[in-house]
Amino acid sequence: MSLEILLIIAFGGALLTYLLGKTFEKIRDFLAVVISLSLVAFVACLYGKSPEKTFYSGFFGLGLVLRLNMLSWFFAIAISSLGALCIIFSLSYMKGRERTDFYYSMMLLVNAAMLGIVLAGDLVSFYIFWEVMSWSTFLLISYNRGPALAAGMKYIIMSIIGSLAMLIGMLSLYVTYGTLNISEISAVIASASSGDILFILIIFSIAFGIKNAVMPLHTWLPDSYAEAPSPFTAVLSGMLTRMGIYGFLLVMYVMVGMKNVITHGLLNYHYVLSLVGAITIIIPLLIALIQDDAKKLLAWSSIGQGGYMLLGIAFGTSLGFVGGVYHTIIYAACVVLLFMAVGAVEYRTGGIRDLNQLGGLIKRMPIAFFGALVGICGLIGVPLTGPFVSKWLIYKTLILEGHPLLALIALIGTWISILYIYKFLHNMFLGQLPEKYKDIEKSPFSMRLPMIVLSVAVLFFGILPGIPLKVINAIGTSFGFESLNVTLWGVASETGTLNTINIFSAVLVTGVIVWIIFRLGTKSVPVSQEDSYAAGAYIPKDKYHYTAEFYGPLYKMIKPFLRDVIDEFYYWIAASVQRLCSSVRRMYTGDVGYYVTYIILFLAFLILVQLKWKPW
Amino acid sequence: MNKSVKEKLESTFKDIQVSILEDSRIAVTAENHSVLTILRFLKDDGFNHLALLSAVDWIEDNVFELCFILTSYQRDDDEYSDSQRLHIILKTTIPREKPDFQTITAIFPIAEPYEREIHELFGIKFEGHPRLTPLLLEREYEIPPFRKDFDTRKYVKDVFDKIPFVEDKDE
Amino acid sequence: MVTKVMQIILSPVLALIVGVFFLGLARKIIARIHWRYGPPLIQPVIDMIRLFYQKSVSHGSMFDLGLILSLAGSIVVVLFLPFGRIAPLSGSGGLLVILYIMLLAPLGMALSGGQGANPNISIGISRKLILSLGYEVPLLLVLLAVMTHYKTISIIEVVSSQQSTGWALISFPLFLSGLSYFLILPAILGLRPFDVSSAPQEISSGPMVEYGGKYLALATIEHAFVLFISIALFVNLFLGGAANPVIFFVKMLVVFVLGLCINAVFPRFRIEQAIKYLWKWPTLLAFVGLIITLAIRS
Amino acid sequence: MDRNQIAKWFKEPAKMANKYSLHAIYFCTGCGIIEVPPVITSRWDAERFGVIPVATPRQANLFLITGYVSVKTLRAIIRTYEQMLEPKYTVGFGSCPINGGMYWDSYNTIKHLDKYIPIDGWIAGCMPRPEAIFIAVIHLWTLIDKDMATGYIKYRENYKSYRRNQEMALGELEWPPLFPVSDEPRGNEQ
């Protein structure tokens, strides 16, 4: 059960599906599902064990190490399970499309690269897998041509900048410490000066900030989410963007160790990180409020929700760490659910994502509605869902750490997310069903299965949060935090305990009682959507569904402040660089005489410098 | 002031009769083929407000009479005050058997609903009208209701009274 | 254990009785302010009996389940709120859980209204959510001020520490928060100046447009519970939450009658005016209160 | 609430509750609507009788038709009446809904509103004063008591003939029939 076999299966599977796809379509789909499910099984049975193996040590004398600790196991199980569900989802989504074998191999490649990142023990293999992930993401984003190419280009430029920043960080580490093995670095880094640590932290947080779409570095995310095919957007938003969080955890906790981060930080780095997290919550969520495209809305919302994770892990207390990590994983399930719902609707209505043209689909696609509903309750943090527990932990840390203003921003972020996420659900599933969607049939089984599985997971881990919390608590203790008193239904502590079983039983019992009272009344007659109140008039077809300008009065108040200034700033930089290059291009006029004069001038300049300052 | 308008009208058009009813009312009767030119002339002269367009059914001399009432707000002749603003009532008659007329929405766009109403209630067709759809009435009538030969008693008897009462358990 | 089960059964029933009494009282007081006699005190009970016997119309399963979820959510919040010494489940979650479960009721109403497929309902729900964003900002500031002041997130400790140190409404930094909470109380209850979301004239009673017999009865019961919750939260946080339920009821009565007098004479705000008001004065008061508690605490 | 009232409450709560909580929806058809505001506000206060105006037919069980009914308004009245929930009562104001009143020979008004929707009570007077409206409410109470206010049951049983009358008066109706009008007499009731 060693780790190389895991990676070989993952990467070999990707290659195999591509080759097989050329000949038999059916077997390729089956193979892709089997491989992803086998990865899940493989990772599941690695629980508890922490093998460490250098699989290749000829690289400039550095050993490429694969190791598995509790944190990487937790992320690995999430990556592989979400990846498997998304591939099952894309079985029917990709049925009629062209280049599907390229698509499946790329999906498996991204899955494999993420597993690689999580298992990497040293920074070189970490970097290699990181690059493989970035490039395969670029190829998948620009899968359906047209505007997706521009979105992919924007994504790849920003992730290259991130990788270069990571490269600089690795080089500086290699130069100072001579090794790139994470465990060795963490042992020796305590002696480094605080300036060094700050430099390492900043350079790595740029790389991971871009991937996790932290506020100033977020501009690639809305376009790439909107243009990528829905199943891949689910993977992208679910786990791929959260590799940034894994990177932050790796750097802040594993490599540098939280004690050093806090004490050595000159501007106490973790406070700045929490401020950035807070900004990342408020502004993108407000922008998400005014979006009309379902995927753009979810894209801005996942930027905002990324801020919660940063807030959780930035404070380095055990409660915050557990809350942040748990939020990363359980939120990923919710956002994958929402993107699957959008994918199912898009598949059935022929690619319509605009929220103003849909409506009333609850009657035709009940399972997609149920999935979207659970995803939404998860995204808000309604008491019986997973993210409620993680948000409760994050808020408790913020309040008890004495940062009520950050808690305020986080709580207001939740209320803003209620507004835009209800608009998403209402415009797509509730209200009047348009005439042309009267007879679309349910979403196919291969789409309903992952949605049901994920909904059950989100609800189950909301009612019994003890199971994942115990695992994360074990991770926390491995990083040196004092362990929380985790019970099966929440966290018990003297400053306020959480008991989800009480909440669940209370809601269940009152729900049943109210349902009985409801049945006691006289039976209610089902009525069609045409028989609604319209002041005595007859309901016009397709004109009786309120979607456009859903929060009109609020838009008028907040719209002027919500121009995406950072995006325009980046485009301005690109434009000015382009102008600069074109002016330099004019120098090469193609006339030899000019070139000769340039050479002579340069030689004269060199001689002059030599005479004056004698540098050589 | 009425005199000047009266002379102006009589000088430009030949077969019209202009009479001054009282100090601020001028009645002009003209042939229906010259109505458009007169309206155009009066509009350019400042009477750009079409106060009313109505029809009268003279069943004895078997003729419909169309009245166009024009007035103007911008004419700043000093000697007449706001109350007795000058109104020009232009009348034409069209035969009852062939009740059609050309539309004046080109000159006065506001006339569009008036013409629809007259068409619905009197049955006078206006060629060139953008949409002569029913404006007010719910049901169709063979004889338009405002015509004198429309007998309301007979209509009520054979439409509403024919609808039976609802007795309990009738079959 | 038996007293715990007794409390769990008793507190929703008490809350229902108090809530319905407040509804009847509200109609009577408003009538008296308008110089008219007003209906008998038990008119809401008569209405509900009639509504339960009346036939009703349903637009789909979500239309019913949403309303049931909203009423169940309100009842669950009552279980988490201490009512005098009756505090059945207040130990398992504290203020954060109360804040989040108070979210279930509007969400349930919004889901059930959404299926009603009527633009009046959708406009009512969008206004209700904008209004809830409006009054959440000061409400959160107030709750955070209370939590940082008493350094706990459990409501029982807030009540018990008020027994010793006197009412929060009178203590120095928290009287600002108490005042700002009182200013936004009509918005939380959806009473007259802020009943933008269920305005009978403009959007023909918003989310309740398609509610017929038993649906309307459940909706009025849910409104009674929301009435009870908001005032009980105010009494618990700022008036020290009494030892026995009778004093608790008297305190709630005083707060309710004061709130009602404001409500009876005000015309309805437009949604922009409501938001501008909510984000101006109550937020300023609560923010200053929070800053002072922070300064004192550190 | 004397002794026999309480006994009545326990014997048939539905009927008593129906009596003392009439949520009224009124249709501003003719000139009678000017009588309704004083009725529901401070001067005459209908709320004493448990009558409050509500916004939509779904929440109402009393339908006030205040004044003459034109052919176009009949369409809205039928739609509103069908959207109300049983048990429902209708009261007609003035003589115009009874037999057309002074518009008896007009081509555009409905003469006998009774042919199209069942009316439980009439208030005479060319726009009755608020006191007359209260007398009508008291009268409606006694009707409910004696089970004579059965307009909605009549509508349900004779729906075929009502529907036929409505189609004769209004031509084709856009909304489907409330109860199945197929040939067998007893459709499933609402």
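As the structure is a prediction and not an experimental result, all values here were calculated from the model.

This next bit is on the overall build of chain A. Summing up its helical and strand segments, chain A has 24 helices and five strands in all. Taking 25 Å as the expected radius of gyration for a compact globule of 616 residues, we find that chain A reaches 27 Å, a close match to that expectation. Taking all 616 residues of chain A together, 60% fall into the buried category. Sequence separation of 24 or more characterises 80% of the internal contacts of chain A that already satisfy a separation of 6 or more. Roughly 23,100 Å² of accessible area belongs to chain A as shown, and the carbon and sulfur atoms make up 72% of that amount.

This part is about the interface of chain A and chain D. Counting residues at the interface gives nine residues for chain A and twelve residues for chain D. Between chain A and chain D, the buried area comes to about 830 Å², and carbon and sulfur atoms account for 55% of it. Summed over the three residues of chain A that lose the most area to chain D, namely Y533, G536 and Y538 of chain A, the buried surface amounts to 62% of that side. Linking chain A with chain D are two salt bridges. Taken together, the connections running from chain A to chain D amount to three residue pairs in polar contact (both at pLDDT 80 or more). Residue composition of the side of chain A that touches chain D, by class: five nonpolar, two polar and two charged.

Okay, the packing of aromatic side chains next. All told, the structure shown has 72 aromatic pairs over all chains when counted by the stated rule. When the ring of F234 of chain C is compared with that of F238 of chain C, the centres are 5.5 Å apart and the planes differ by 35°; the resulting orientation is tilted. In this pair, F234 of chain C and F238 of chain C both sit in helix α10 (residues 213–238), four residues apart, roughly one turn of the helix. Taken individually, F234 of chain C and F238 of chain C each receive the classification buried, so the pair is uniform in this respect. On the numbers, 6.0 Å between centres and 55° between planes, the contact of F49 of chain D with W141 of chain D is tilted. In this pair, F49 of chain D is assigned in the loop between α3 (36–40) and β2 (52–53) and W141 of chain D in helix α6 (residues 130–145), connecting sequence segments 92 residues apart. Of the two residues, F49 of chain D and W141 of chain D, neither departs from the other in class, the shared state being buried. Taken together through their ring pairs, the aromatic side chains of F126, W130, F204, F208 and F248 of chain A make up a single cluster.

Moving on, we come to the sheet that holds strand β3 (residues 49–58) of chain B. Residue and element names in this part refer to chain B. The strand order across the open sheet built from five strands is β1-β2-β5-β4-β3, with neighbouring strands paired in mixed fashion. Taken across any chain shown, the strands that pair with only one partner, and hence form the sheet edges, are β1 (17–22) and β3. Recorded for the sheet is a direction-independent mean angle of 20° between the axes of neighbouring strands. Relative to strand β5 (residues 87–95), strand β2 (residues 25–29) runs parallel, the two being bridged by five bridges. Bridge pairing in β5 links T29 to K91. Packed on one face of the sheet, helix α3 (residues 111–122) meets β3 and β4 (63–71) and runs near 10° to β3.

Our focus in this paragraph is the interface of chain A and chain C. With 70 residues of chain A at the interface, the matching set in chain C holds 71 residues. On the chain A side of the contact with chain C, I399, W415 and F518 of chain A bury the most area, a combined 12% of that side's loss. On the surface where chain A and chain C come into contact, there are zero salt bridges. Of all the elements in the fold, those that place two or more residues in the side of chain A that touches chain C are α16 (366–380), α17 (386–400), α18 (404–429), α21 (500–520), β5 (524–526) and α22 (552–558) of chain A.

Residues and elements named next belong to chain C. Where helix α1 (residues 2–33) meets helix α2 (residues 43–53), the axes come as close as 8 Å, and the angle between the chain directions of the two elements is 115°. In this view, α1 runs roughly perpendicular relative to α2, as classed from their interaxial angle. In this structure, α1 contributes V20, L23, G24 and R27 to the contact, and α2 contributes Q43, P44, V45, D47 and M48. Among the residues making up the contact of α1 with α2, the classes are represented as five nonpolar, two polar and two charged.

So, about the sheet that holds strand β1 (residues 23–27) of chain D. Residues and elements named next belong to chain D. The five strands are arranged β2-β1-β3-β4-β5 in an open sheet whose pairing can be described as parallel. The sheet is open, and its two edges are formed by β2 and β5 (121–123), each paired on a single side. The pairing of strand β3 (residues 62–66) with strand β4 (residues 89–93) spans five bridges and is classified as parallel. Paired with I65 across the strands is G92, a residue of β4. Against the sheet, helix α4 (residues 71–83) makes contact with β1, β3 and β4, and its axis sits at roughly 165° relative to β1, the strand it touches most.

This paragraph deals with the pattern of salt bridges. Any two side chains of opposite charge can pair, so long as their charged atoms come close to each other. By the definition in use, this model includes 39 salt bridges over all chains. A salt bridge links K154 of chain A to D223 of chain A, with the shortest nitrogen-to-oxygen separation between them at 2.7 Å. One end of the pair, K154 of chain A, is in helix α6 (residues 147–177); the other, D223 of chain A, is in helix α9 (residues 220–227), and 69 residues separate them in sequence. Members of the salt-bridge network, linked through shared partners, are R27, R36 and D47 of chain C together with D45 and E47 of chain D.

Of all residues in chain B, 91% have pLDDT values of 70 or greater, and the mean over the chain is 84. As a predicted assembly, this complex carries a pTM of 0.89 together with an ipTM value of 0.87.

With that settled, the discussion passes to the nonpolar core. Counting residues in each nonpolar core, the largest one holds 323 residues, and the members touching the most others are F204, M239, M243, M255, F424 and Y551 of chain A together with M252 of chain C. Sort the elements by how many residues they give to this core and helix α15 (residues 318–348) of chain A lands first, with 21 residues. Sequence-distant contacts of M239 of chain A, defined by excluding residues within four places in its chain, comprise F75, A78, I79, L82, M114, I329 and A332 of chain A. Membership of the second largest hydrophobic core comes to 100 residues, among which are F150 and F160 of chain B together with A24 and Y81 of chain D.

Residue and element names in this part refer to chain A. The grouping of I599, F602, L603, F605, L606, I607, L611 and W616 at the surface amounts to a nonpolar patch, some 930 Å² of accessible area in total. Mapped onto the elements of the fold, F605 is located in helix α24 (residues 592–613). We classify F605 as partly exposed; its relative accessible area is 48%.

All right, on to the state of the cysteines then. Taken as a whole and assessed by the stated rule, the structure comprises zero disulfides over all chains. Between C86 of chain A, a cysteine without a disulfide, and C334 of chain A, which holds the nearest cysteine sulfur, the sulfur-to-sulfur distance is 14 Å. We classify C86 of chain A as buried; its relative accessible area is 0%. Not engaged in a disulfide, the cysteine C126 of chain D finds its nearest cysteine sulfur in C31 of chain D; these two sulfurs lie 5.6 Å apart. Here C126 of chain D falls in the exposed class, since its relative accessible area comes to 63%.

Moving on, we get to the pairing of strand β2 (residues 62–67) of chain A. Residue and element names in this part refer to chain A. With respect to burial, β2 is a largely interior element, five of its six residues being buried. Pairing between strand β1 (residues 52–59) and β2: five bridges, direction antiparallel. Looking at the pairing, F59 lines up with L62 of β2. What sits between β1 and β2 in their antiparallel hairpin is a turn of two residues, with F60 showing a positive phi close to 50°.

Quick notes on the rules
- Residues numbered from 1 in each chain as written.
- Chains lettered and ligands numbered in written order.
- Predicted model: local features only at pLDDT ≥ 70, side-chain atom pairs only at ≥ 80, totals over all residues.
- Heavy atoms only, no water.
- Helix = DSSP H or I, 4+ residues; strand = E, 2+ residues; numbered from the N terminus.
- Rg over C-alpha atoms; globule rule 2.2 N^0.38 Å.
- Buried < 20%, exposed > 50% of the residue type's maximum accessible area, 1.4 Å probe, protein only.
- Contact = heavy atoms within 4.5 Å.
- Areas by Shrake-Rupley, 256 points an atom, 1.4 Å probe, with all protein chains shown as cover.
- Buried area = accessible area lost by both parts, 1.4 Å probe.
- Salt bridge = Lys/Arg side-chain N within 4 Å of Asp/Glu carboxyl O.
- Polar contact = N/O pair within 3.5 Å; in protein donor to acceptor, adjacent residues only side chain to side chain.
- Nonpolar A, V, L, I, M, F, W, Y, C, P; charged D, E, K, R; others polar.
- Phe/Tyr/Trp six-rings, centres within 6.5 Å; stacked < 30°, edge-to-face > 60°.
- Pairing = 2+ DSSP bridges.
- Axes fitted to C-alpha atoms, helices over the stretch in contact; angles between N-to-C directions.
- Parallel < 35°, antiparallel > 145°, perpendicular 65-115°, else oblique.
- pLDDT = per-residue confidence, 0-100.
- Core = buried A, V, L, I, M, F, W, Y, C linked by side-chain atoms within 4.5 Å.
- Patch = residues over 30% accessible without salt bridge, like charges linked within 9 Å, V, L, I, M, F, W, Y side chains within 5 Å.
- Disulfide = S-S within 2.5 Å.

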